[in-house]
Amino acid sequence: MIMSNRLLMRLSFYLFSIVSFLGCFSTKGKIVDPQINQELYPYLTKNHTYIYVDHTNQPVIATPFITANLFTSTGYAVVENQEGQFAIIDKKGQLTVPFQDRYISLQVLNNQLTAVYTRETYTKNSRFWEWEWNIFSGLKTEVQRQKFEVYILETKQVLFSEQLSAKASLPTYIATVDADHFIFNKTLYKRKGQRLSKQKNNIIHQFEPNKLLQQNGSQFAIFSIESKAPILEHLEATNQLTLEVNGKELLLTEVNKSRYYTEIPEILFNAKTKEYWIEPLFDRTFPKKIKTQNEADLAYLQKVSYINTVPDYPYFILGVFDYDNWMFQWKYLAMDGTLLDHIDAPDFFVVDALSRIQRPHKTDLISANEIPSNWSLEAVTKYKGFTTIFKITLKQEGQSNRYGLWNTQTKQWELQPIYRDFYWLDVERGLLALAKEDRQYVIYNYKTKKTITETIFTYIDTSGWVTQLNAEGKEIRFYFDFTTAKAYKE
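Residues numbered from 1 in each chain as written. Predicted model: local features only at pLDDT ≥ 70, side-chain atom pairs only at ≥ 80, totals over all residues. Heavy atoms only, no water.

**Regarding the overall build of the protein chain**
Across its full length, the protein chain carries 4 helices and 44 strands. Across the 490 residues in the protein chain, those meeting the buried criterion constitute 41%. Across the protein chain, contacts joining residues at least 24 apart in sequence account for 35% of those joining residues at least 6 apart. Put simply, the protein chain shows about 29100 Å² of open surface, and 50% of that area lies on carbon and sulfur atoms. (Helix = DSSP H or I, 4+ residues; strand = E, 2+ residues; numbered from the N terminus. Buried < 20%, exposed > 50% of the residue type's maximum accessible area, 1.4 Å probe, protein only. Contact = heavy atoms within 4.5 Å. Areas by Shrake-Rupley, 256 points an atom, 1.4 Å probe, with all protein chains shown as cover.)

Dropping the structure here:
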């Protein structure tokens, strides 16, 4: 069959259009709007509203907002209008999610996906058997409710959507396991493109880079990220241990019983094998037989209320609380069941729920000679990732606490204990929020030992948002760039 020139030209045009259309989706040669990659900053105007500007203070999104957040690495920001409604905009100022009467927050997952959290509160008529009588307010026939939703912005994939009572606990933020795995609402997800696929349910804890703790009723199991079969299973949570000490049975009761509620067990027991697995890694079994050298050791074992593994060392730590001195005494157990008074593990620390050092004793980290006169050592606090730098809390009768930063390696004060408060803003860059008086913070560079600015802030957030008193004595909130020491406000 012979086609006419006109038909050939038309087919060629269609083919060219199809190829051009498909080319729009090619990652090679794709034209990216430069505004998408442009850094924009919320800028506080004299009208107490926010617009978005570039680093030269040139307006890019001139629409005024009551509140405005930083843009995420995926290119979105949450803003609030005059009516108290929240929305999500992109870097062109266009509404990605329209204004509505509910709170919105965002979370970026490995710079690839944007998780959206929305929470709406409302009242509704309760059922008559739920009515409440109050002597002051009378009969209450309405109940407050909240609707909570979590979804992926790029695909609108809903991960959670429920209407709950006002007192109900909401799911926490999504926890990142690795580049492709996430845990949310006790479910393990795997990223497939821009969607999350469910892998395992009832996940209550992640420990080590790739191990998960799963709970089904009263039973627990340990999985690796990719494995289908459990590494350990048929485990039960317990606070009691039955041991053999010098050939006799010893029952320890209420071990690791914390006053802080947690659903994560600290001791797991396999009733079939009679084995105990101890936190934090559950990577070894507790010795079934223990050997003591004297009556004092036996008496110590009978009073043990704390047991833990010593990560990276082949030992367990056993704690007995000394109520007279209000501190723990420590002994250690080797894998063969030998009880020891000391081990060589200088980088091993035991901390409480507030990260205050329990082992080694705080006086082993800083001597009494380093404490200013009339002051006493209240606590030593460990920072995650640090093994030689500690926050020291000092107390004195009738005085507010004072804080300093102590280096156990150099035996010197990195920050003299004269401050009312300080905390890390950026560990990598060595930035601290430092206050000699209440609500009078400056930004301090720990590496250069200099303050970035003499400006006084009433509070500094790790994200860069600061609050400050203006000339009228009113508190204002604006963005401050730690790198350039620039305040984005008129």
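**Concerning the sheet that holds strand S18 (residues 203–207)**
If you walk across this open sheet you meet the 6 strands as S18-S19-S20-S21-S24-S25, and the pairing is antiparallel. The open sheet has two free edges, formed respectively by S18 and strand S25 (275–278), since each of these has just one partner strand. Pairwise comparison of adjacent strand axes, ignoring direction, gives a mean angle of 35 degrees for this sheet. Taken together, the 6 bridges between strand S19 (residues 211–216) and strand S20 (residues 219–224) define a ladder with antiparallel strand orientation. Note on S20: the bridge partner recorded for Lys211 is Ser224. (Pairing = 2+ DSSP bridges. Axes fitted to C-alpha atoms, helices over the stretch in contact; angles between N-to-C directions.)

**A look at the environment of Val60**
Turning to its location among the elements, Val60 is positioned in strand S3 (residues 59–65). Given the relative accessible area of 27%, Val60 is considered partly exposed.

**So, the packing of aromatic side chains**
For the structure shown, the criterion picks out 32 aromatic pairs. Plain terms: the ring middles of Phe160 and Phe184 are 6.4 Å apart, the flat faces sit at 90 degrees to each other, and that makes the pair edge-to-face. Separated by 24 residues along the polypeptide, Phe160 in strand S13 (residues 157–165) and Phe184 in strand S15 (residues 181–184) bring together distant segments of the chain. Among the residues examined, Phe160 registers a relative accessible area of 9% and is labelled buried. Taken together, a centroid distance of 5.9 Å and an interplanar angle of 55 degrees make the contact between Tyr306 and Phe328 tilted. (Phe/Tyr/Trp six-rings, centres within 6.5 Å; stacked < 30°, edge-to-face > 60°.)

**Side note on the pairing of strand S27 (residues 306–310)**
The buried fraction of S27 is high, at 5 of 5 residues. Here S27 runs beside strand S28 (residues 315–322); their pairing, made up of 5 bridges, is antiparallel. Residue pairing in the sheet places Asn308 in a bridge with Ile317 of S28. Linkage of S27 to S28, two consecutive antiparallel strands, is achieved through a turn of 4 residues, within which Asp312 is found at a positive phi near 70 degrees.

**Some points on the confidence of the model for the protein chain**
Here the protein chain averages 89 in pLDDT, while 89% of its residues score no lower than 70. Segment residues 1–32: pLDDT under 50, and 4 contacts once partners within four positions in sequence are set aside and those in other chains are kept. (pLDDT = per-residue confidence, 0-100.)

**What to know about helix H3 (residues 295–302)**
Every buried residue of H3 is accounted for by Asp297, Tyr300 and Leu301. Looking straight down H3, one finds that the buried residues subtend no more than 100 degrees of arc, so they occupy a single side. Opposite the buried face of H3, by more than 90 degrees, sit the exposed residues Glu295 and Ala296. As for H3, its buried residues are in contact with strand S22 (241–245), strand S23 (248–252), strand S26 (289–290), S28, strand S29 (327–334) and strand S30 (339–340). Capping of H3 at its N-terminal end is provided by Asn294; its side-chain oxygen lies 3.2 Å from the backbone amide nitrogen of Ala296. (Arc of directions from axis to C-beta. Polar contact = N/O pair within 3.5 Å; in protein donor to acceptor, adjacent residues only side chain to side chain.)

**Observations regarding the nonpolar core**
In a soluble, globular protein the nonpolar side chains are often hidden away together inside. Tyr52, Ile89, Leu425 and Ile460 are the most contacted members of the largest nonpolar core, which totals 33 residues. Ranked by size, the runner-up nonpolar core spans 21 residues in total, among them Leu241, Leu243, Leu250 and Leu339. (Core = buried A, V, L, I, M, F, W, Y, C linked by side-chain atoms within 4.5 Å.)

**Some details on the pattern of salt bridges**
Following the criterion strictly, the structure yields 15 salt bridges and no others. Of the charged contacts, one joins Asp438 and Arg420 as a salt bridge, the two residues approaching to 3.0 Å between their closest N and O atoms. Here Asp438, found in the loop between strand S38 (431–437) and strand S39 (440–445), pairs with Arg420, found in the loop between strand S36 (412–419) and strand S37 (421–426); they are 18 residues apart in sequence, far enough to count as distant. Taking the shortest distance from any N to any O, the salt bridge between Asp426 and Arg429 comes out at 3.0 Å. Because the salt bridges share partners, they merge into one network encompassing Asp297, Lys331 and Asp341. (Salt bridge = Lys/Arg side-chain N within 4 Å of Asp/Glu carboxyl O.)

**Brief notes about the pairing of S28**
Judged by how many residues are buried, S28 sits mostly within the fold: 7 of 8 residues are covered. Across 8 bridges, S28 lies against S29 in antiparallel orientation. Considered in S29, the bridge of Ile317 is made with Tyr332. Where S28 folds back onto S29 in an antiparallel hairpin, the turn is made up of 4 residues, including Trp326, whose phi is positive at roughly 55 degrees.

**Here's the deal with unusual backbone geometry**
Cis peptide bonds are those with omega within 30 degrees of zero, and the linkage from Glu279 to Pro280 qualifies with 5 degrees. Checked against the element boundaries, Pro280 lands in the loop between S25 and S26. Cis geometry is found at the peptide bond from Arg359 to Pro360, where omega equals 0 degrees. Relative to the assigned elements, Pro360 resides in the loop between strand S32 (357–359) and helix H4 (362–365). One non-glycine residue, Ser355, lies in the positive phi region at around 65 degrees.

**A look at the environment of Asp344**
Inspection of the secondary structure assignment puts Asp344 in the loop between S30 and strand S31 (350–351). Along the primary structure Asp344 and Tyr313 are separated by 31 residues, whereas in three dimensions their C-alpha atoms are 9.1 Å apart.

**Some words on the sheet that holds strand S40 (residues 450–451)**
Judged by pairing direction, the sheet is antiparallel, and its 4 strands sit side by side in the order S37-S38-S39-S40 without closing on themselves. In the strand order of this sheet, the two ends are held by S37 and S40, each with one partner. Pairing of S37 with S38 involves 5 bridges; the strand directions are antiparallel. From the neighbouring strand, Phe422 faces S38, where its bridge partner is Leu434.

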